[in-house]
Amino acid sequence: MRKYIVKFWKINCVSAILNIICSGEVVGLNLLMIRAMQGIIELNLYKFIRWMFWDLLLWILYISTDCVRAYFQNKAISKMNNDFRMDLVRNITNNSYQFFHEKDSGEYISWFTNDVSQVQRLAWEPFFEYIASIASITFSAIALSRFHWSLLLVSFLAAFLIVAMPKIFSKKVERYGKENTIIQERCTDQIKDNLLGFDILRFFNRTFLFKYNFKKISTSMEKAGFDLRLKNELSSNAITLVSILCQVVVNLYIGFLSIKGIIIQAAIMGGGNICSSIYNNLGKLGKYKLSFVSAKPIFEKTLLCDDNEKDRNEKIDFLQTKISLENVSFKYGDGPLILDNMNMNFEIGKKYALIGKSGSGKTTLLKLILGLLRNYDGKIFFDQTDIGNCKAEEIQKHLSYIEQNVYLFNTTIRNNITLFEEFPEEEIDEAIRISALTKDIRSFENGLDTEVGEAGCNLSGGQRQRVAIARALLHKRNVLLVDEGTSALDKENADIIEKNLLAEKELTLIIVSHHLSDERKKQFDLVYEI
């Protein structure tokens, strides 16, 4: 949290300074009104009009300053929201594949939407109010000292009572804040699951479940929000009650000083406001502290990290001879062994096939080579380098991967192939040719600039796989790993792609297949049966 406060000052200290100026102007308005009222008490019309004139000018200045403050403050909040999202992005990208997949995508969506809104409400906006409150306390203390020193003492005694109040509630509010965050994330996952399953429920005439589930989710979300809001409101009301009692005592004391002639009579008109500015704003500091505490669990998400990735700093400059596995064993969690003392060699430039029954570990083996799965026993080497000592991005810069369930971004075919990089047209055309996509591209009205739709919904399954193959080929990595990359293709196109890939002399190919004909097996340098 402290890091973000420092960053807030660096991003836009102008808005904070304007908040301070506005606070000073408000105290000035009270002082001018006291002087004007004293003119009435003294039956001095000139004095009254003069101070009212200055009061009007200060009001105009205050409103103008506040408009400028609002502009800079909202700019600062937008900047902080963007920075917070990017901190979440850095947290995600700096962690491992396994660490990332421990959470559902719905939870990450909640981070970037609900959590950012929560941070703005609980941290960014109260931060400016916090600055304004400190400024109000300072200016009010200076103003009171001009009337009588005892007013300052009484105000701070009242403030002591108000400031002590939030400590009673802070732990409970923090606990409710954490519980609310967890429940909101869980509900976001449930909403996503309900939406994705809507078609199935509709096909089986079970749409009443869709309504029932949403009602249950909504009730759960609102109950968590209600509990958090109620605790905050009860805390605030308790502080307000103490504040009102203090204000009554202070006004009685100001009245006493006025009657005794120790301070001017008009002080009763505005002195109470200045005194209350001290203890009310000190009370608000406690309220803002409670708000910051509620936001703390959200900020902690930017600090989540996979400790195992920190010490992996070895580099792989070239991959020249082979990829080798030595006594590699792997299992998912507490499940059975998927791979048991696996020993394999994949020489650079050669073609390999992995075959075997479903669940035998073929896809797992590819993910181990890619550095996506880490908690394995044994060693995996790129030449002489143990990839267990390398970060995932260091491993993957030498590899291309085509998985069975292809994902396409909601943009054009070109962007999905190039991944928004610039490539010569002849290289793009060659990747399209090898992936047997040329005929399809020509059939589209907009060619490569055809929009694929959400998750590639405007393309067939086979076309999506061929786009993924073209993407992998265009980026020219040393090694291409294919996990059932032609499973959605018709036999003719699958044959074309497999022949083209096998014909690429410099390409190291490791392809997973459930079914491989005897004729096709002969075209590989080696077929491993898992």
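Just above sits the structure.
Structure report, in brief. Small disclaimer: the values here were computed from a predicted structure and weren't measured.

Cut-off values and rules
Residues numbered from 1 in each chain as written. Predicted model: local features only at pLDDT ≥ 70, side-chain atom pairs only at ≥ 80, totals over all residues. Heavy atoms only, no water. Helix = DSSP H or I, 4+ residues; strand = E, 2+ residues; numbered from the N terminus. Buried < 20%, exposed > 50% of the residue type's maximum accessible area, 1.4 Å probe, protein only. Axes fitted to C-alpha atoms, helices over the stretch in contact; angles between N-to-C directions. Parallel < 35°, antiparallel > 145°, perpendicular 65-115°, else oblique. Left-handed = near helix turned anticlockwise from the far one by under 90°. Contact = heavy atoms within 4.5 Å. Salt bridge = Lys/Arg side-chain N within 4 Å of Asp/Glu carboxyl O. Pairing = 2+ DSSP bridges. 1 Å grid on protein atoms, 1.4 Å probe; cavity = no way out; pocket = protein on both sides within 12 Å on 5 of 7 lines; lining within 4 Å. Points joined across faces, edges and corners; volume = space filled by probe spheres on them. Nonpolar A, V, L, I, M, F, W, Y, C, P; charged D, E, K, R; others polar. Expected span 1.5 Å × (residues − 1). Bend = angle between axes of the 7 residues up to and from the residue. Patch = residues over 30% accessible without salt bridge, like charges linked within 9 Å, V, L, I, M, F, W, Y side chains within 5 Å. Areas by Shrake-Rupley, 256 points an atom, 1.4 Å probe, with all protein chains shown as cover.

Helix and strand counts for the protein chain stand at 17 helices and 9 strands. By the burial criterion, 48% of the 530 residues in the protein chain qualify as buried.

Any two packed helices are characterised by the angle at which their axes cross and by the distance between the axes. Where helix α2 (residues 45–93) meets helix α4 (residues 105–147), the closest approach of the two axes is 10 Å, and the angle between their N-to-C directions is 140 degrees. Comparing their axes, α4 and α2 come out oblique. Note that α2 runs across α4; the crossing there is right-handed. Counting all contacts with α2, which are made through Q73, A76, I77, M80, N81, F84, R85, L88, V89, N91 and I92, the residues of α4 involved are Y108, W111, F112, V116, V119, Q120, W124, E125 and F128.

Turning our eyes to something else, we now look at the pattern of salt bridges. A complete count under the given rule lists 13 salt bridges for this structure. K79 serves as the salt-bridge partner of D83, at 3.6 Å between the closest nitrogen and oxygen. Of this pair, D83 and K79 both sit in helix α2, 4 residues apart, which is roughly one turn of that helix. We classify D83 as buried; its relative accessible area is 16%. One salt-bridge network, in which partners are shared between bridges, spans K315, E394 and K397.

Turning our attention to the sheet that holds strand β1 (residues 322–331). Here 4 strands make up an open sheet; going across it, the order is β2-β1-β4-β5 and the pairing antiparallel. Among the strands making up the open sheet, the edge pair consists of β2 (337–347) and β5 (385–386). As judged from the 7 bridges shared by β1 and β2, these two strands associate in the antiparallel manner. Paired with L325 across the strands is M344, a residue of β2.

Looking now at empty space enclosed by the protein. This model, assessed by the stated rule, comprises 1 cavity of 30 Å³ or more. The computed volume of the largest cavity comes to approximately 40 Å³. N91, I92, N95, F99, F100, Y108 and W111 together form the lining of the largest cavity. Listing elements by their share of the lining of the largest cavity, those giving two or more residues are α2, α3 (97–100) and α4. Split by residue class, the lining of the largest cavity holds 5 nonpolar, 2 polar and no charged.

Moving on: the layout of surface pockets. Size it by volume and the largest pocket reaches roughly 1500 Å³. Those elements giving two or more residues to the lining of the largest pocket turn out to be α2, α3, α11 (392–396), β6 (399–402) and α15 (461–474). For the lining of the largest pocket, a count of residues per class yields 17 nonpolar, 9 polar and 7 charged.

All right, on to the environment of T181 then. Secondary-structure assignment places T181 in helix α6 (residues 166–196). C-alpha separation for the pair T181 and G225, spaced 44 residues apart in sequence, amounts to 9.3 Å. Those residues in contact with T181, other than ones at most four positions away along the chain, are D115, I298 and K301.

It is worth spelling out α4 at this point. Compared with the 63 Å implied by 1.5 Å per residue over 43 residues, the 61 Å span of α4 between its first and last C-alpha is a close match. Considering bend angle alone, the principal kink of α4 is centred on Q120 and spans about 40 degrees.

Reading across the sheet, the 5 strands line up as β6-β7-β8-β3-β9 and stay open at both edges, with parallel pairing between neighbours. Both edges of this open sheet fall to β6 and β9 (526–529), since each of them pairs with a single strand only. Looking at each pair of strands side by side, their axes are set apart by 15 degrees on average, direction ignored. One ladder, built from 5 bridges, connects strand β7 (residues 479–483) with strand β8 (residues 508–513); its direction is parallel. What sits directly across from V479, in β8, is T508.

Nonpolar side chains collect at one region of the surface, where F53, W54, L56, L57 and I60 lie side by side and expose about 510 Å² of accessible area between them. Position of L57 relative to the elements: it lies in helix α2. Relative accessible area serves as the criterion here: at 36%, L57 is assigned to the partly exposed category.

Among the 6 residues of β8, 6 are classified as buried, and the element is accordingly described as predominantly covered. In β8, alternate side chains face the same way, and those of T508, I510 and V512 on one face and L509, I511 and S513 on the other are all buried. As paired strands, strand β3 (residues 351–355) and β8 are joined by 5 bridges and run parallel to one another. If you follow Y352 over to β8, its bridge partner there is I510.

A few words on unusual backbone geometry. One non-glycine residue, L43, adopts positive backbone phi at about 55 degrees. As for its placement among the helices and strands, L43 is situated in the loop between α1 (2–41) and α2. The phi dihedral of D383 falls on the positive side, at around 55 degrees, and the residue is not glycine.

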